[in-house]
Structures are given as structure tokens and as C-alpha cells.
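Overview (structure and organization)
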Amino acid sequence: MPSKRQLTVAAGYVAAAAVYIAVGVWFTDFLLSFFVALAYLLLVVWLVPAGVRRIF
Amino acid sequence: MPLLLGSYAPDMMSKWFVYGIHIGGWDLKASDPVQFHRGWPGLGFTHSLLYGVVIALLFWRVLGSKTWAVSFLIGEWAHAITDTGDTVGTMLFFPWTVHIHFGAWAYAGQTGRMTDAAAYFSGPGAVWDLVWIVFGIFSWRVLTRSYFEQHVFTADAFWGRANRVVPIAVLLIAYRAAFFYGTCRWIAWSLWAHVVHHYPYDISWGGPHWVNAAHSPPLTWPQLLGIGAIIGAGLAIVFTSRLEFGKKSWAAIRSKT
């Protein structure tokens, strides 16, 4: 079974996925490239949390 | 990373021209998208086993990495072999230009990106993708940080070199991104096709049949015999190599004891 930390990380990715899917359904060009997905993930899973931690 | 690169390699340079793009006042699109994508003359050789071997050998020679060569080969072969599942198939044994195809789902690339997406995510192809997504979810441990650090990072010097430039958190995200992209893409296109646009599902063999699919001609008996001979020869080579490898390994063990 996954640990609590692993489930927390997974929940973060699921939340990121929900936003990615919502944008993609509305604007399908967003789904075209793996590199767009990679850039999106780096932004929402790394840069934004790092920025929030820095501010607070 | 080379596994991912290999899996993307067959379509990387060609798919945009199959669907067509609009730049300024110009429309750039292949006059015969099916021929261009999977055929010869065209870029269909990118979906052959030989193409994977050639690029893998280049990786081995130029980068000096057997890991990159073998990983790329596995990724490229996986794409080339699974694309035999549609109604056009691939020239798996190029330069032999026969199209190996099982016709399980409709090839509709010539209809344009949106109709192709609607068709793919309405037929057996989408079910095939879903099998791999479920398999990936059940294998969730390979996506954990500990698995990445213990097995993936240590297996390829690329990660160590990349770690000198970016933190390991970024490498971990890059590692997970392919599964994230594939899964989200499947869900998004399925929602687009069936919730937003109400395309009907048709998961019967060769479906969906509401789309104008392209088809390769059926394989003749001589072609089937030829394919059987090639596969048989390949298996014989693998079996013989394993026998020789086994002998050498045993000799190495005996020389040490």
C-alpha cells in the first residue's frame, strides 16, 4: 500500500491532471505535445509550490 | 528518456504533415497523408524495425551508450509493432514494403487531426490504450521517488549528468511526465469526443465504422509465408545467441572456480 506521503504526492498530480484535462478539453491544441505537458508539470508541481513556500 | 524518444520517433517528424498545418496563407499537408505517413515512397520506413536498429546503432556509436541504444530500440519497436494494429499497418520489415496490419482499429489520419482523434478515442484503439493505462496504475511503484532513485537514476549516466544542471525533483517530474501526459491525453480526448461532441463508440473490430478509414490491401499467402519465414529466422537467431551466451557464461563461471 502507498504511504501517506506517497498518497499526498499522488493527490497533487491528480489535481494537476484535472486542470490539464479541463484546459485540454476546451483547447485541444494543449494536448498536442509531450513537451507542453512537461512544461506544465514543471510549472504546477515544482515552480508554483516552490514559489508559494518562498513567499510563506 | 531514450525509451520515450524511441516510442515517439516514428511519428515525430511526420504527423504534423499528415494532419496539415496552416502558416500565414499557406496550407502545408501531404497530398496523400496515408502514403506519406506509413508508405513508401514516404516516411513509412520510420515505422520499421530496421529504422529502430539503425538509429540505435547510431546512439551506440555516437553517444557510446548501450543503454540508450537498447532503450531507444525497444521504444521504437513498440511503436512500430503496435501500429500494425490499425487498418493500414506498418512496413515492419522495410525495405520489404508490405504493410503488416491486423485491422483492429480504423486508421483515419487522412481525415485530419480532430476526426482522427474522435475516431481513435471511439474505437478499439482507445481500449488498447486504456489497458496500458490500467497496467501503469497497477504498477504505481515505478512512479515513486524511491524507485526512481534506486533503479532509474542509477541505470543511466544521463540522469547523473542532468542532475548537475537541474535538481533531482525536476528529473523526477520529467520521469513521471510521460505517464501523466498519456493518461491525461486519453481522458481529455475521450471527454472531448463523447461529452462535448457526442461521437458514438464503436469498439467492434476495425471500428469505429462511422469514420472513412484507410485500408491496406489484404496480405496474400506468399506474403504471409514470407512474414513467417522472417519471424522464424529471427527467433532462430535469438535462440542460437542465447545458447552461445549460455555456453560462454558457463565457461566464465568454470574458469573462476
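You'll find the structure just up there.
Residues numbered from 1 in each chain as written. Chains lettered and ligands numbered in written order. Predicted model: local features only at pLDDT ≥ 70, side-chain atom pairs only at ≥ 80, totals over all residues.

**Quick look at the overall build of chain B**
A count of helices and strands for chain B gives 11 helices and two strands. Each helix (α) and strand (β) of chain B, taken in turn from the N terminus, gives the series α-α-β-β-α-α-α-α-α-α-α-α-α. Projected onto its principal axes, the C-alpha positions of chain B cover 70 × 50 × 40 Å. Residue pairs in contact within chain B that sit at least 24 positions apart in sequence constitute 61% of those at least 6 positions apart. (Helix = DSSP H or I, 4+ residues; strand = E, 2+ residues; numbered from the N terminus. Contact = placed C-beta atoms within 7 Å.)

**Side note on the overall build of chain A**
The helix and strand inventory of chain A stands at two helices and zero strands. Its C-alpha radius of gyration of 13 Å places chain A more than 25% over the 10 Å reference for a compact globule of 56 residues. The principal-axis extent of the C-alpha atoms belonging to chain A is close to 35 × 35 × 20 Å. Buried positions account for 16% of the 56 residues belonging to chain A. (Rg over C-alpha atoms; globule rule 2.2 N^0.38 Å. Buried ≥ 20, exposed ≤ 12 C-beta atoms within 10 Å, placed from the backbone.)

**As for helix α5 (residues 66-82) of chain B**
Residue and element names in this part refer to chain B. Here α5 contains 17 residues, and its C-alpha end-to-end distance of 24 Å stays within 8% of the 24 Å for a straight helix at 1.5 Å per residue. Within the sequence span of α5, burial applies to W68, A69, S71, F72, L73, G75, E76, W77 and A80. Contacts from the buried residues of α5 go to α1 (2-12) and α4 (49-63). (Expected span 1.5 Å × (residues − 1).)

**Structural notes on the nonpolar core**
The biggest cluster of nonpolar side chains holds 31 residues, and the ones touching the most others in it are A37(A), A106(B), F121(B), F180(B) and W189(B). Elements with a minimum of two residues in this core: α1 (4-26) and α2 (34-55) of chain A together with α6 (113-120) and α10 (168-196) of chain B. Examining the composition of this core, we find that eight residues originate from one element, α10(B), more than from any other. Setting aside its immediate chain neighbours within four residues, F180(B) contacts Y13(A), A17(A), A37(A) and L41(A). Counting 11 residues, the second-largest nonpolar core is a separate cluster that includes F59(B), F72(B), W77(B) and A80(B). (Core = buried A, V, L, I, M, F, W, Y, C linked by C-beta atoms within 7 Å.)

**Considering the interface of chain B and chain A**
Often, the extent of an interface is quoted as the loss of accessible area upon association of its parts. Across the contact, 19 residues belong to chain B and 17 residues belong to chain A. The dominant element in the side of chain B that touches chain A, judged by the number of residues it contributes, is α10(B), at 16 residues.

**A look at the environment of W159(B)**
All names here are of chain B. Tracing the backbone shows W159 in helix α9 (residues 157-163). Remark: the alpha-carbon pair of W159 and E149, spanning 10 residues in sequence, is separated by 9.9 Å. If sequence neighbours within four positions are ignored, W159 has contacts with V152, F153 and L171.

**Here we look at unusual backbone geometry**
Most peptide bonds take the trans form, and the phi angle of most residues other than glycine is negative. Residue and element names in this part refer to chain B. Look at the link from W40 to P41: it is a cis peptide, with omega at -5°. Topologically, P41 is positioned in the loop between α3 (33-38) and α4. Residue P95 is bonded to the preceding F94 through a cis peptide linkage, with omega at 15°. Relative to the helices and strands, P95 resides in the loop between α5 and α6. For H198, which is not glycine, the phi torsion reads 60° and is therefore positive. Within the secondary structure layout, H198 lies in the loop between α10 and α11 (221-256).

**Considering the environment of T84(B)**
Residue and element names in this part refer to chain B. If you trace the backbone, T84 turns up in the loop between α5 and α6. C-alpha of T84 to C-alpha of A104: the two residues are 20 residues apart in sequence and 8.8 Å apart in space. Apart from residues no more than four positions distant in its own chain, T84 is found in contact with G89, T90, L92, I100, H101 and F102.

**Here's the deal with the packing of helix α7 (residues 124-138) of chain B against α10(B)**
Residues and elements named next belong to chain B. α10 packs onto α7 with a crossing angle of 140° between their chain directions and a minimal axis gap of 11 Å. Considering the angle they form, α7 stands oblique to α10. Where α7 crosses over α10, the two elements pack in a sense that is left-handed. Along the contact surface, α7 presents A126, D129, L130, I133 and G136, while α10 presents F179, G182, T183, W186 and S190. (Axes fitted to C-alpha atoms, helices over the stretch in contact; angles between N-to-C directions. Parallel < 35°, antiparallel > 145°, perpendicular 65-115°, else oblique. Left-handed = near helix turned anticlockwise from the far one by under 90°.)

**Some points on the packing of α2(A) against α10(B)**
The interhelical angle for the contact between α2(A) and α10(B), taken along N-to-C directions, is 130°, at an axis separation of 9 Å. Between α2(A) and α10(B), the angle falls in the class oblique. Note on packing geometry: the crossing formed by α2(A) with α10(B) is right-handed. Contacts between α2(A) and α10(B) pair F34(A), A37(A), L38(A), L41(A), L42(A), V45(A) and W46(A) from the former with A169(B), V170(B), I173(B), A174(B), A177(B), A178(B), F180(B) and Y181(B) from the latter.

**Notes on the environment of L47(A)**
Looking at the secondary structure, you find L47(A) in helix α2. The spatial distance from the C-alpha of L47(A) to the C-alpha of P2(A) is 25 Å, given a sequence separation of 45 residues.

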